[in-house]
Amino acid sequence: MQLDVNLDKKLGDFSFTAQFSVTGQRIGVFGPSGSGKSTLGNLLTGFLSADNGRIELDGHCLFDSRRRTNLSPDKRRVAVVFQHAHLFPHLDVRRNLLYGQRRTPTKRRTLDLDAVAAALEITPLLERSVNQLSGGEKQRVALGRALLACPDLLILDEPLSALDRRLKEQIIPFLDRSLRRFEIPYLYVSHSLAEMRLLTDQVLHFGGGRLQVLTDAESLALERLGQDRDGYINHLQLSDPREVGSLLGYRWGRNELLLKVQEKPESGYFALSSKDILLFRKHPQALSARNLIPGTVTELMTHRGGVAVKLDCQGENLIAEVVREAAAELELTAGRTIYLAIKASAFRRLM
Amino acid sequence: MQLDVNLDKKLGDFSFTAQFSVTGQRIGVFGPSGSGKSTLGNLLTGFLSADNGRIELDGHCLFDSRRRTNLSPDKRRVAVVFQHAHLFPHLDVRRNLLYGQRRTPTKRRTLDLDAVAAALEITPLLERSVNQLSGGEKQRVALGRALLACPDLLILDEPLSALDRRLKEQIIPFLDRSLRRFEIPYLYVSHSLAEMRLLTDQVLHFGGGRLQVLTDAESLALERLGQDRDGYINHLQLSDPREVGSLLGYRWGRNELLLKVQEKPESGYFALSSKDILLFRKHPQALSARNLIPGTVTELMTHRGGVAVKLDCQGENLIAEVVREAAAELELTAGRTIYLAIKASAFRRLM
Amino acid sequence: EVRISVAASLTDAVKEVIAVYQQSHPEVQVLANFASSGALAKQISAGAPADLFISANPKWMGFLLEQGLMVGESEKILVHNSLVFTGHARDDVHGLEDLAQLTRIALGSPASVPAGQYAEQAMQAAGIYADLEAGNKLVLAKDVRQALLYADRGEVDGAFVYRTDALLAQDAQILFSVPQEFYPQVTYPAALTKSAAENAAAAAFFSYLFSPEARSVLVRYGFLIAE
Amino acid sequence: MDFLSPTDLQAVWLSARVATVATLIALPLGFLLAWVLVFSRLRGKALLDGLINLPLVLPPVVIGYLLLLMLGRRGVIGRWLDRLGIELIFTWKAAVIACVVIGLPLMVRSIRLGMEQIDPQLVHAARTLGASRRDALFTVVLPLCAPALVTGGTLTFARSLGEFGATILLAGNIPGLTQTIPLAIYDYSNVPGGESGALALCLVSIVISYLMLMGNEVLLWKMRRSRQG
Amino acid sequence: MDFLSPTDLQAVWLSARVATVATLIALPLGFLLAWVLVFSRLRGKALLDGLINLPLVLPPVVIGYLLLLMLGRRGVIGRWLDRLGIELIFTWKAAVIACVVIGLPLMVRSIRLGMEQIDPQLVHAARTLGASRRDALFTVVLPLCAPALVTGGTLTFARSLGEFGATILLAGNIPGLTQTIPLAIYDYSNVPGGESGALALCLVSIVISYLMLMGNEVLLWKMRRSRQG
Ligand SMILES: Nc1ncnc2c1ncn2[C@@H]1O[C@H](COP(=O)(O)OP(=O)(O)OP(=O)(O)O)[C@@H](O)[C@H]1O
Ligand SMILES: Nc1ncnc2c1ncn2[C@@H]1O[C@H](COP(=O)(O)OP(=O)(O)OP(=O)(O)O)[C@@H](O)[C@H]1O
Ligand SMILES: [Mg+2]
Ligand SMILES: [Mg+2]
C-alpha cells in the first residue's frame, strides 16, 4: 500500500498538520493522548474534511482540496476498527460480519466468511447475539467485519485499549495472524509500544498535532528504555520444541532454551523481560533457573536508574537490565563474555 | 462487627443457602462467578428478600422471616460499592459524596468530607462533573460516597474488576488505608485472590450457592499454588529504608533487602512473586541480582508442573517456585540451607 | 347517486326520509353528509362533492349563494323551527319574564350559533338580557345541542333550544315556548348546487323533499312545515 | 396588536394561562403515573396504562362529556364539590382540568421513555445510602428524567393550546371567562367571513408554540451540556 | 354484536382501517422527518420542527379547514389532483390524510427520542463498511429505532381512533362511506336516546386500543429480549 498524505486541519484550538508518504502493509501511528492520531483517522475515512491538502491511497485520490475531490466515507474503502467494537446490536454475529462484505463489489471480495471466522476463532459464535459476547470476542468480530469488507486500508484505532491485559494478549495473535494472512494493509493507532512492536513495521510518530518522525517501533522502544516498569520486552523467535522432562526445549538460533508453558506451540514469538535475566560473571553451579547460557556484551546503555546490557548469544540478540552497582560488580564491558540465567517460567507466548 | 446470617433463597434454578456468624472488620467473600456472592450482598442490603431465615448485624435484626421483620434498604445502614461506580450523573463530585452523609443522622456522622476526600486523594476533583472522571477516580468517589454514609457494614462487590491492572494497583492502597482509618467494617466480594489477601482477614468461600467454608485468604492462596501464571505473590513487610548507591536497603526481619523502587516509602508491604526467586545450592559469585540471602527449606509442596518451596530466611517466611527438575538437581529437602537470589527490581510496592 | 349535505339537527329526520325514498327508488343511491351548517358550507365552497344543501339557517346558504355555487332559483325553505326554553320541571318559570330569578341559563354562543342569537334577541326584547349578562348568568355553548345537554344534566336551570332539540332531552322538558314576535323566524333553507345541474336524480330527490310523504316524516320529528 | 380584538386578547391570555397551569399540573401527575407504570410492582398496570390512554383514543368531546358526567353539579364528584362550595364547571379551572386529562397520555408516555433509560442500580445506590423510596424518586429519578419532562411538557402545552372538544363541554364558551383561543376561533369560523379573525388567533397560537419550542430546545441543550461538562 | 347497528359496524371497520393506514403512512413519513431533524445539517430545522408541531397546537377543526382549503377542488393541491382525476375530499382517503397530519407530531417526537439515543459511531462504522448514507439509515438507524417506532405507531393509531375535528371537515360525515367511530358518536349525540349507541361505540374504541396497546407491549418485550438474547 502506498499512502500519500498532505493535510492541514484546524479544530477549535487544535491544529493538525501531516505530510508524509509511506509504503508498506503494517504502519503504526504512535503518540500520546491528544496528539491527533484519531484526527488523522477521521481525515482518512472522510468523517472530517481537511481545510487544505490531499490524500492519495495507492495512487487513487480520496481527497483534494484544490480539485474539490472529497469521496464520501462509503466510497473510500477505508475501514475502521474502533476502541469499542461498535457492533450492530440488532444483528447477530454472522450478519455483523457480512455487513461490509455485502456492500463490496463481488470481484473485490477476496475473503470469505468461513476463513475469516476460522482465523479469528469465532466460528462457534456465528449465531450468537452480539450482546452475549465478551469484550475480546466483540473486538474479534469487529475485526472480522472490517476484514470482510476487503478495504484498501484498515484503520485500527486503539482496538485493544478497552480490554484487560489477559484479553489483549489473547487477541494480539489473532490480529497479527489474520492481518498477515488476509494481506490487508493497515494503520495501527495506539500508545502502547508493545503493540507497536508486535504489529507494525513502520511508525508514524505524532505529537501535538504534528507528525514528528517516521520511524519504527524497535527504535522507539530503545529510546524509551528504563521508562517501563516491566522493563524492555525481548521478542525471541523460538522453534522446534522437544520435551525435556516436564519442560519444553526450544531452539533459539544456536541455543536451546527450556520453557515452562501451557501449550506446545510449534514455533513463534515469546516475550522475555529484560528484568527476568540474571547475569553471572562466572558459570554458577546448581541453581534453580533452568537456562544458563553464555553471551557476549555488545553494548552498554546507561539510563535513568539502570544499565541496559545488549548481549549476543551465539548470534541472537537480547537486552538485559541491571542496576548500576551490578554492572560495576560484574565488570561489564563490551566484548566480555558472561552467563545468563533465565527461569523456565519467565517466558510468555506472544503469538 | 458481628454478622449472623442464616438464609435460604430460591432464584429460578439457583438456590442460595448460607449459615454463618463472623466477627471482624475485614471479611472477604470469595468464589467463582455465579456462586452467589452478589446474591448474598443483595440479601444483606435488602434488594432481595430471603424465603426463610434471619440476618442480624451487631445484634440488630435486619431480616427475620418468622417475625416478618424486613427493614427496607435505606433503614439497614448497609452501603454498597458496585463494580461500576454508579455515581449520580446529575451531581458533581462533592454532591455525590455528600448524598449519603446528608441522609445520616447527625450523631452518626463520624467522618467528614474533607478527611475522606483527602484520604482518597480526590480533593482536587470535588467541583468536577462525574462524567469527567477516569475509571479509577470514579471508584474512589464511589467509595468515598459510601464511607461518608458511615454505614454499619460496607459491601464492596468486585469494586475493582472493571479497572485495568495499573488502576487496580493504584486504588488498592486507597481502599485499604481509608477502610482501616475510618474503621468501617466491610464485606469484600471478589474472585481475585490477590485482593483478598490484601484486604481481608477472614474469607467466606462460596461455591454453587453454598457457603463452603470460613477460612482466610492466605490458606486459599496456598491451596491454589501453581494455578496462577504470575506465581504465588509473597507479601513482605519492609521497613527502615536507607540509601545504598542508587538502591534502597530495607529491613526485612533480620535480613536486609536491596530494592529499586521509584518512591521511598518509610515502610509497608511489597510484593515478590515466587517466580522471581532464584535458588542456588551454593553461594554463587558475581551475579547481577542484588540480593543473595540464605534460607532454610521448611516444606516442599509439589503441584501440577512445579514445586513450591517454603523457606525460612532468619525467621521470615517466603515461598519460591521451581520446576521439578530444579528441585531434584538442587536436592531440596526440608531442613536444607540454600541461597536465594532476588533482583532489586523484582519488588513491587503493595500499599 | 345523490350527495346531500344536511345540517346536523336534521340527522334523524333526513335519514328516515332517505330510507323511505330508497324503498321506492332503489336505483338511486342517496349519500347524506351530516355536520354543522358552517362546516358543510365550507366544504361545498372548497369544492367538496354535493348536490344539495340543507342549512339550519339562511346565513350559510347566503354565503354559498354569494359565491355563486348554488342554483339561486332553486332555494326554498324546507322547514321552520321554533325557540323554546327547556329545563327540569318546575312551577315558577312560564315565560321570559321569569328568567331573572334563575342563576344559570344556557344558550348557543350568539357570536356563532343562530339559536343563541335569536335567544339573545328575545331576551333583549323582553328587557332582561342586560341584567342576566351583567350577573354572569349566561352560559354560552358551542351549539344548541350542548345547551340542551347542560339543561338536561341540570348544570343550568334552563336553556334556549329549538323545539326539535328539546324533544331529545331525557330529563329536561319544555318550560315555555318563546313567543314568535320576539325573534325572527327560524328557517331551514334548501337548494341545489350548480354542480348538480346535470344530475337529474338530485333534482328528483330535491322535489321529493317537498312531497307530502317527506313532509309528514319531518313533522313527526317536530319541524314545522313552511307554508 | 390591533389585529386582535379585546376579547381575542382575553382569549389569548386565558389560553396561555390554561396551558401553563395544565402543564404544571400534568408534570407531577404524569411523573407519578409514569413512575407507577415503570417501577412499581402494582397489579393491573396494564389497566392503568389503558386508562391513561383513553383521552387519546376517544374523541375529545366524549372525554368532555364523561368529565361533565363526573364533575357536573349532579356528577359523582361534582356533587361533593358542590357541597364544599367549589365551582368547577363553566370556570377556567374546568378548562385546565380538560387540558390536563387530554394532555396526560402524551406526558406519561414521554416520561416513561425517559424513565426506562435510567439504570436501576443508580436507584439502588441511593437506597443503600439511606434514601427512602420517595427520596430516591425525587433526588435521583426526577433529575435524570428532566429531558423527558421537558418533552412531555412541550407536548402537553402544545396540545392544551389546541384543545377544543373537551374544554368547550366542560368550561363552556364564555368570552372573557372561559373562552380560550380554540373556542374563539370556533366562534369566528362559524360566521361567514370570520376567517380573518380566526387566522389572527391561529397565528398567535403558532407564535406562542414556537416560542415555547425554542425555549425548550435551549433548555434541553443546556441540560445536555451541564451533564457533560 | 347485536349491540352495534350495521352502520356502527361499518364505522368500526372504517375506523380500524383508517387508523391502520394512517399509522402505516405516518411511520415512514415520521421516520424521515425525525431523521432530518436529528441527523441532517439542513438549515431551518427549527421551522420544520414548528411546522410539524402545528397540528398539535391548532384545534383539529382549523387543521381540517386548512387541509380542506389545500386539497379541495379549488385548492392549490386539489386542483392538480382533480386534473389527474383523483378524488380525495369526502372519501375515506381524506380521513386517512387528516389522521396522518394530526398524528404526525406525536410520531415524529417519539421517533426523535429514540433516534437521539443511537450512538453515531454505529452509523460511522456502517459508512466505513461501504454503506451509503441512505443504506445506513435503513439498515442501522431504522432497526435501532424500532421501539420508538412502536411507541410512535401506538400514539398515532390511538389518536387516529379518536380524531374528529379534522376528519369531519375533510372527509365529511357520510354513514357507511366516511363515518368513523367518532363521527358516528357525534351522530348519536344528535339523536334522542343516542347515549347507549354512543357508549357502545366508545367501548369498541377502548377495546381496540387496549388490544393494540397489549400487542405493542408484547412487541416491545420481544424486541428487548431478542436484543439481549
Ligand atoms: N471537533 C473538535 N473540535 C475541537 N477540538 C477537537 C475536535 N476533535 C478533536 N479535537 C481536539 O483535537 C485533539 C486531538 O484529538 P485526537 O482524538 O485526534 O487525539 P488522539 O491522538 O486520538 O488521542 P487519544 O489517544 O486520546 O485517542 C484533542 O486535543 C481534541 O481535544
Ligand atoms: N433474579 C434471578 N432469577 C434467577 N436466577 C438468578 C437471579 N439473580 C441471580 N440469579 C442466578 O444466581 C446465580 C448467582 O448469581 P450471583 O450474581 O450471586 O453470582 P456472583 O457470585 O455474584 O457471580 P459474579 O462473580 O459473576 O458476580 C447465577 O447463576 C445467576 O444466574
Ligand atoms: Mg484517539
Ligand atoms: Mg456478582
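Treat the numbers as computed from the prediction; the structure is a model and nothing was measured.

1. Here's the deal with the overall build of chain C
Move 1: When you go through chain C residue by residue, the secondary structure sums to nine helices and eleven strands.
Move 2: The principal-axis extents of the C-alpha atoms in chain C amount to approximately 55 × 35 × 30 Å.
Move 3: Across the 227 residues in chain C, those meeting the buried criterion constitute 63%.
Move 4: Put simply, of all contacts in chain C between residues at least 6 apart along the chain, 74% involve residues at least 24 apart.
Move 5: For chain C, the computed accessible surface area is about 8,200 Å², with 50% contributed by carbon and sulfur atoms.
Move 6: In chain C, which carries 15 positive and 25 negative side-chain charges, the distance between the mean positions of the two groups comes to 4 Å.

2. Description of the confidence of the model for chain D
Move 1: Per-chain confidence: chain D averages 88 in pLDDT, with 98% of residues scoring 70 or above.
Move 2: If you check the scores for this complex, the pTM reads 0.81 and the ipTM reads 0.78.

3. Here we look at the pattern of salt bridges
Move 1: Counting across every chain of the model gives 51 salt bridges over all chains.
Move 2: Notably, a salt bridge pairs Arg94 of chain A with Glu127 of chain A, separated by 2.7 Å at the nearest N-O pair. Here the residue Arg94 of chain A occupies a position in helix α3 (residues 93–102), and Glu127 of chain A occupies one in the loop between α4 (113–119) and α5 (135–148), the gap between them amounting to 33 residues.
Move 3: Taking the relative accessible area as the measure of exposure, Glu127 of chain A reaches 55% and is therefore exposed.
Move 4: Because the salt bridges share partners, they merge into one network encompassing Asp49, Arg109, Arg112 and Glu116 of chain D together with Glu217 of chain E.

4. Describing the site of ligand 2
Residues and elements named next belong to chain B.
Move 1: Every one of the 13 residues lining ligand 2 counts as a neighbour, but Ser33, Gly34, Lys37, Ser38 and Thr39 are closest to it.
Move 2: Taking Ser33, its side chain carries an N or O atom lying 2.4 Å from an oxygen atom of ligand 2.
Move 3: Ranked by the residues each element gives to the shell around ligand 2, the list is headed by helix α1 (residues 37–45), at three residues.
Move 4: By residue class, the composition of the shell around ligand 2 is three nonpolar, eight polar and two charged.

5. Points about the interface of chain D and chain E
Move 1: Counting from both sides, the interface comprises 38 residues of chain D and, opposite them, 38 residues of chain E.
Move 2: If you sort the residues of chain D by the area they bury against chain E, Leu56, Val57 and Arg109 of chain D come out on top, with a joint share of 17%.
Move 3: Where chain D touches chain E, the interface holds two salt bridges.
Move 4: Two residues, Glu217 of chain D and Arg112 of chain E, come together in a salt bridge whose shortest N-O distance is 3.6 Å.
Move 5: Here chain D is connected to chain E by six residue pairs in polar contact (both at pLDDT 80 or more).
Move 6: Of all the secondary-structure elements, those providing two or more residues to the side of chain D that touches chain E are α2 (45–57), α3 (60–71), α5 (92–115), α8 (146–162), α10 (181–189) and α11 (195–228) of chain D.
Move 7: By residue class, the composition of the side of chain D that touches chain E is 24 nonpolar, eight polar and six charged.

6. Comments concerning the relation of the copies chain A and chain B
Move 1: The two copies are related by a screw motion: chain A maps onto chain B through a turn of 179 degrees and a shift of 0.1 Å along the axis, at an RMSD of 0.3 Å. These values place the two chain copies in the arrangement generated by a two-fold rotation axis.
Move 2: Here 97% of the interface residues in chain A have copies in chain B that are interface residues too; the copies meet face to matching face.

7. Considering the sheet that holds strand β21 (residues 348–349) of chain B
All names here are of chain B.
Move 1: Pairing in this open sheet of five strands is antiparallel, and the strands run β14-β13-β12-β15-β21 from one edge to the other. The open sheet has two edge strands with one neighbour each: β14 (255–259) and β21.
Move 2: When strand β12 (residues 233–244) meets strand β15 (residues 268–273), the two strands line up antiparallel, connected through six bridges. In the sheet register, Gln237 faces β15, and the bridge partner there is Tyr269.

8. Examining the environment of Ala95 of chain E
All names here are of chain E.
Move 1: Of note, Ala95 is situated in helix α5 (residues 92–115).
Move 2: Considering only alpha carbons, one finds Ala95 and Ala22, 73 residues apart in sequence, at a separation of 8.6 Å.
Move 3: Not counting chain neighbours up to four residues away, the residues in contact with Ala95 comprise Val18, Thr167 and Ala171.

9. Points about the side chain of Ser74 of chain C
Residues and elements named next belong to chain C.
Move 1: Among the structural elements, Ser74 can be located in the loop between α3 (58–66) and β4 (76–81).
Move 2: A distance of 2.7 Å separates the side chain of Ser74 from the backbone oxygen of Val71, its partner in a polar contact.
Move 3: If near-sequence neighbours (up to four positions away) are discounted, Ser74 is found in contact with Ala190, Ala191, Leu192 and Phe206.

10. With respect to the relation of the copies chain D and chain E
Both copies of the chain are related through a single rotation about an axis accompanied by a shift along the same axis.
Move 1: With an RMSD of 0.3 Å, the fit of chain D onto chain E corresponds to turning through 180 degrees and sliding 0.1 Å along the axis.
Move 2: Most of the interface of chain D is mirrored in chain E, where 100% of its interface residues are also at the interface.

11. Things to note about the sheet that holds strand β17 (residues 291–303) of chain B
Residue and element names in this part refer to chain B.
Move 1: Strand order in the open sheet formed by five strands is β16-β20-β17-β18-β19, with antiparallel pairing between adjacent strands. Bordering the open sheet on either side are β16 (277–280) and β19 (316–322), each of which pairs with just one other strand. Adjacent strand axes in the sheet meet at a mean angle of 45 degrees when their direction is disregarded.
Move 2: Judged from the six bridges that link them, β17 and strand β20 (residues 337–342) form a sheet pairing that is antiparallel. Bridge assignment links Thr296 to a residue of β20, and that residue is Thr337.

12. What to know about the packing of aromatic side chains
Residues and elements named next belong to chain C.
Move 1: Per the counting criterion, the structure on display carries 21 aromatic pairs over all chains.
Move 2: Seen from their ring centres, Tyr118 and Tyr183 are 6.2 Å apart, and the 35 degrees between their planes marks the pair as tilted. Note that Tyr118 is positioned in helix α4 (residues 114–126) and Tyr183 in the loop between β9 (173–177) and β10 (186–192), a separation of 65 residues in sequence.
Move 3: Owing to a relative accessible area of 10%, Tyr118 belongs among the buried residues under this scheme.

13. Regarding the interface of chain A and chain B
Move 1: Across the contact, 39 residues belong to chain A and 39 residues belong to chain B.
Move 2: Between chain A and chain B the total buried area reaches about 3,300 Å² when both faces are included, carbon and sulfur atoms providing 49% of it.
Move 3: Where chain A meets chain B, there are two salt bridges.
Move 4: With its nearest N and O atoms 2.9 Å apart, the salt bridge here joins Arg290 of chain B to Glu329 of chain A.

14. Details of the pairing of strand β2 (residues 14–23) of chain B
All names here are of chain B.
Move 1: Of the strand pairs in this sheet, strand β1 (residues 2–11) and β2 are connected by ten bridges, and their pairing is antiparallel. Looking at the pairing, Asp8 lines up with Thr17 of β2.
Move 2: Taking the residues that link successive antiparallel strands as the turn, the β1-β2 hairpin has two residues, and the phi of Gly12 there is positive, at about 55 degrees.

15. Focus on unusual backbone geometry
Move 1: Its identity as a non-glycine residue notwithstanding, Cys150 of chain A has a phi of 45 degrees, on the positive side.
Move 2: A positive phi angle, near 50 degrees, is found at Asp58 of chain B, a position not held by glycine.
Move 3: Along the chain, Asp58 of chain B turns up in the loop between β4 (52–57) and β5 (60–64).
Move 4: When its relative accessible area of 43% is taken as the criterion, Asp58 of chain B is described as partly exposed.

16. Topic: the site of ligand 1
Residue and element names in this part refer to chain A.
Move 1: What surrounds ligand 1 is a group of 13 residues, the closest being Ser33, Gly34, Lys37, Ser38 and Thr39.
Move 2: Between an oxygen atom of ligand 1 and a main-chain N or O atom of Gly34, the distance comes to 2.8 Å.
Move 3: A distance of 3.2 Å separates an oxygen atom of ligand 1 from a polar atom in the backbone of Ser35.
Move 4: Considering ligand 1 on its own, with 640 Å² of exposed area, one finds that the protein chains cover 57% of that surface.
Move 5: Looking at which element gives the most residues to the shell around ligand 1, the answer is helix α1 (residues 37–45), with three residues.
Move 6: The residue inventory of the shell around ligand 1, partitioned by class, reads three nonpolar, eight polar and two charged.

17. Description of the side chain of Gln101 of chain A
Residue and element names in this part refer to chain A.
Move 1: Locating Gln101 in the fold gives a position in helix α3.
Move 2: Under the relative-accessibility criterion, Gln101 is labelled buried at 11%.
Move 3: Dropping the residues within four chain positions of it, Gln101 is found in contact with Arg109, Leu111, Asp112, Leu113, Leu148 and Ala149.

Rules of the game
- Residues numbered from 1 in each chain as written.
- Chains lettered and ligands numbered in written order.
- Predicted model: local features only at pLDDT ≥ 70, side-chain atom pairs only at ≥ 80, totals over all residues.
- Heavy atoms only, no water.
- Helix = DSSP H or I, 4+ residues; strand = E, 2+ residues; numbered from the N terminus.
- Buried < 20%, exposed > 50% of the residue type's maximum accessible area, 1.4 Å probe, protein only.
- Contact = heavy atoms within 4.5 Å.
- Areas by Shrake-Rupley, 256 points an atom, 1.4 Å probe, with all protein chains shown as cover.
- Lys, Arg positive; Asp, Glu negative; His and termini not counted.
- Charge placed at Lys NZ, Arg CZ, Asp CG, Glu CD.
- pLDDT = per-residue confidence, 0-100.
- Salt bridge = Lys/Arg side-chain N within 4 Å of Asp/Glu carboxyl O.
- Near = heavy atom within 4 Å.
- Polar contact = N/O pair within 3.5 Å; in protein donor to acceptor, adjacent residues only side chain to side chain.
- Nonpolar A, V, L, I, M, F, W, Y, C, P; charged D, E, K, R; others polar.
- Buried area = accessible area lost by both parts, 1.4 Å probe.
- Least-squares fit on C-alpha atoms with pLDDT ≥ 70 in both.
- Pairing = 2+ DSSP bridges.
- Axes fitted to C-alpha atoms, helices over the stretch in contact; angles between N-to-C directions.
- Phe/Tyr/Trp six-rings, centres within 6.5 Å; stacked < 30°, edge-to-face > 60°.

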